[in-house]
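The primary structure of each chain is shown beneath.
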Amino acid sequence: MTQTHAAVITAPLDTNTLKELVRVLCGDDHLLYRPAYKISEFLGNAGWRNLPEIDGESRAEWTLERLMERRTDPSALEDVLLRLADAREYYEEPEQLPRVLSAVNTFLVHEGLRLENPGGRPRLVPCDPALAHPGQHAPLELKATMSDIIGDERMAALLEHRLDEARTCFANGAHVAATIMLGSLLEGVLLSAVQERDATLLGNKSPRSISLQELIDICRKAGWIDADVTSFSHALRDYRNFVHPHREYREAYRPDRDTFNVSWHVVNGALNDLAATRPRTTA
């Protein structure tokens, strides 16, 4: 018996979409590899019952046949997608979950859908298919996770949640909110990095009074972020100030999708730089 939830898929998925879904389900050198019995087990975990055994077929052929059989059953396909975003599938290899989400969303966006896991709660949400444009793939390019940058698990989880909220805002066309959220996120990440790596760099400033501009400059001088990221980070700082409505009114400018894309690349670059320069702990 499949899970009961409001259907987000409103039309049969394209055959090529199902083929890409099969590729993710089967796995490869970069994604979680599932042998035949694991694929059947996965579909069972997604609520599918009465599955035939794989008999002389390749994993991919068998899996595609199963998906095609239920192509007109939106609930069944949603159950599969939601299970792909379920952390319980990745207990042994938790680092695979963000990779799978990225791989799925690369093709699912063409169906006007996005798979997410904010706060550990899998969900499928509508999104703008225009995000599939080559210049609009920003949310799919992030390589680092907060745990790669921040040692404090609670703070890392909080910042990851803000990143999820920025993605959600963007996917639903709330570009002003998404851009402001990215500026807030960048400030939180930089401050946490400074506090963990060398709090003396804050000087006599308290964490509450130090500005985003100062944090950017500190991290650049410490060699934790590159010069190009530093330059564009200052632009994101300005966009973040649109949290004040009068600033937007005064400048007669509203951040849009392009603004978010630029801001995303800034945050992406900063996070990747911080992850690459994080001091390694010795046992």
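Placed above this text is the structure.
Residues numbered from 1 in each chain as written. Predicted model: local features only at pLDDT ≥ 70, side-chain atom pairs only at ≥ 80, totals over all residues. Heavy atoms only, no water.

Colleague: What is the right way to look at the overall build of the protein in this model?
Modeller: Of regular secondary structure, the protein possesses eleven helices and two strands. The helix and strand sequence of the protein, counted from the amino end, reads α-α-α-α-α-β-β-α-α-α-α-α-α. Residues counted as buried form 45% of the 283 residues belonging to the protein. A separation of at least 24 residues holds for 65% of the contacts in the protein among residues at least 6 apart in sequence. (Helix = DSSP H or I, 4+ residues; strand = E, 2+ residues; numbered from the N terminus. Buried < 20%, exposed > 50% of the residue type's maximum accessible area, 1.4 Å probe, protein only. Contact = heavy atoms within 4.5 Å.)

Colleague: I would appreciate a short explanation of the side chain of Gln96 in the present structure.
Modeller: For Gln96, the position within the fold is in helix 5 (residues 96–108). Within the structure, the side chain of Gln96 is placed 3.1 Å from the backbone nitrogen of Leu32, a separation counted as a polar contact. Ignoring sequence-local partners within four residues, the contact set of Gln96 consists of His30, Leu31, Leu32 and Tyr90. (Polar contact = N/O pair within 3.5 Å; in protein donor to acceptor, adjacent residues only side chain to side chain.)

Colleague: What am I meant to see in the pairing of strand 1 (residues 113–116) here?
Modeller: Sheet faces and side chains relate simply in a regular strand, where the side chains alternate between the two faces. Of the two faces of strand 1, both are covered, the one formed by Leu113 and Leu115 as well as the one formed by Arg114 and Glu116. Counted along the chain from strand 1 to the antiparallel partner strand 2 (residues 123–126), the turn is six residues long, and its residue Gly119 has a positive phi close to 65 degrees. (Pairing = 2+ DSSP bridges.)

Colleague: Please explain the layout of surface pockets as it appears in this structure.
Modeller: Any space left empty among the atoms is revealed by the rolling of a water-sized probe across them. Empty space within the second largest pocket amounts to approximately 320 Å³. Taken together, 14 residues form the lining of the second largest pocket, with Leu32, Lys38, Glu41, Glu89 and Glu92 sitting closest to its centre. In the lining of the second largest pocket, the residues fall into six nonpolar, one polar and seven charged. (1 Å grid on protein atoms, 1.4 Å probe; cavity = no way out; pocket = protein on both sides within 12 Å on 5 of 7 lines; lining within 4 Å. Points joined across faces, edges and corners; volume = space filled by probe spheres on them. Nonpolar A, V, L, I, M, F, W, Y, C, P; charged D, E, K, R; others polar.)

Colleague: Looking at this structure, how should I read the packing of aromatic side chains?
Modeller: Two descriptors summarise a pair of aromatic rings, namely the distance from one centre to the other and the angle between the planes of the rings. As enumerated under the stated definition, the model contains zero aromatic pairs in all. Stacked on the ring of Trp48, the Lys or Arg Arg70 has its end atom at 4.2 Å from the ring centre. In this arrangement the basic side chain of Arg197 is found over the ring face of Trp224, its NZ or CZ atom lying 5.1 Å from the centre. (Phe/Tyr/Trp six-rings, centres within 6.5 Å; stacked < 30°, edge-to-face > 60°. Lys NZ or Arg CZ within 6 Å of the ring centre and 35° of its normal.)

Colleague: Whenever I open this one, the pairing of strand 2 confuses me. Can you help?
Modeller: As judged from the four bridges shared by strand 1 and strand 2, these two strands associate in the antiparallel manner. Looking across to strand 2, one finds that Leu113 is bridged to Pro126.

Colleague: It is not clear to me how the pattern of salt bridges should be interpreted in this structure. Could you clarify?
Modeller: Think of it this way: side chains of opposite charge can pair up when their charged atoms draw near. Enumeration according to the criterion identifies twelve salt bridges in this entry. The shortest N-O distance in the salt bridge between Arg114 and Glu116 comes to 3.5 Å. As far as the burial class goes, Arg114 and Glu116 line up, both buried. The partner of Asp164 in a salt bridge is Arg167, and the shortest N-O contact between them spans 3.2 Å. With Asp164 and Arg167 both in helix 6 (residues 153–171), this residue pair falls three residues apart, about one helical turn. Residue Arg167 is classed as buried on the basis of its relative accessible area of 14%. (Salt bridge = Lys/Arg side-chain N within 4 Å of Asp/Glu carboxyl O.)

Colleague: Would you explain the packing of helix 2 (residues 36–45) against helix 4 (residues 74–84) in this entry?
Modeller: Between two packed helices, both the angle of their axes relative to each other and the distance between the axes serve to describe the pair. Relative to each other, helix 2 and helix 4 sit at 110 degrees, their axes nearing to 9 Å. Looking at the two axes, helix 2 sits roughly perpendicular to helix 4. Contacts between helix 2 and helix 4 involve Phe42, Leu43 and Asn45 from the first element and Val80, Arg83 and Leu84 from the second. In the contact of helix 2 with helix 4, the residues fall into four nonpolar, one polar and one charged. (Axes fitted to C-alpha atoms, helices over the stretch in contact; angles between N-to-C directions. Parallel < 35°, antiparallel > 145°, perpendicular 65-115°, else oblique.)

Colleague: Explain the environment of Val262 here, please?
Modeller: Looking at where Val262 falls in the secondary structure, it is placed in helix 11 (residues 257–276). Since its relative accessible area comes to 40%, Val262 is described here as partly exposed.

Colleague: Sorry if this is basic, but what is going on with the environment of Ala11 here?
Modeller: Topologically, Ala11 is positioned in the segment before helix 1 (15–26). For the pair Ala11 and Pro74, spaced 63 residues apart in sequence, the C-alpha to C-alpha distance is 7.4 Å.

Colleague: Is there a simple way to think about helix 5 in this case?
Modeller: In an α-helix there are 3.6 residues to a turn, and that puts residues three or four apart on one side. For helix 5, with 13 residues, the first-to-last C-alpha span of 18 Å sits near the 18 Å given by 1.5 Å per residue. Those residues of helix 5 not exposed but buried are Gln96, Leu97, Val100, Leu101, Ala103, Val104, Asn105, Phe107 and Leu108. Looking at the buried residues of helix 5, the elements they touch are helix 1, helix 4, strand 1 and strand 2. (Expected span 1.5 Å × (residues − 1).)

Colleague: Would you mind going over helix 8 (residues 212–221) with me for this structure?
Modeller: Looking only at helix 8, the buried set comprises Leu212, Leu215, Ile216, Ile218 and Cys219. Buried residues of helix 8, viewed axially, fall in a sector of 165 degrees; they line one side. Where helix 8 ends, the next residue or the one after it, Gly223, has phi of about 80 degrees, a positive value. (Arc of directions from axis to C-beta.)

Colleague: Looking at this structure, I do not really get the nonpolar core. What am I missing?
Modeller: Nonpolar side chains in soluble globular proteins generally cluster together in the buried interior. If you look at the biggest cluster of nonpolar residues, it comprises 38 residues, and the most contacted ones within it are Met146, Leu182, Leu185, Val189, Leu190 and Leu274. At the level of elements, helix 6, helix 7 (175–198), helix 8, helix 9 (227–240) and helix 11 are the ones that each hand at least two residues to this core. For Leu190, the residues in contact, after removing those within four places along its chain, are Leu212, Leu215, Ile216, Cys219 and Leu274. (Core = buried A, V, L, I, M, F, W, Y, C linked by side-chain atoms within 4.5 Å.)

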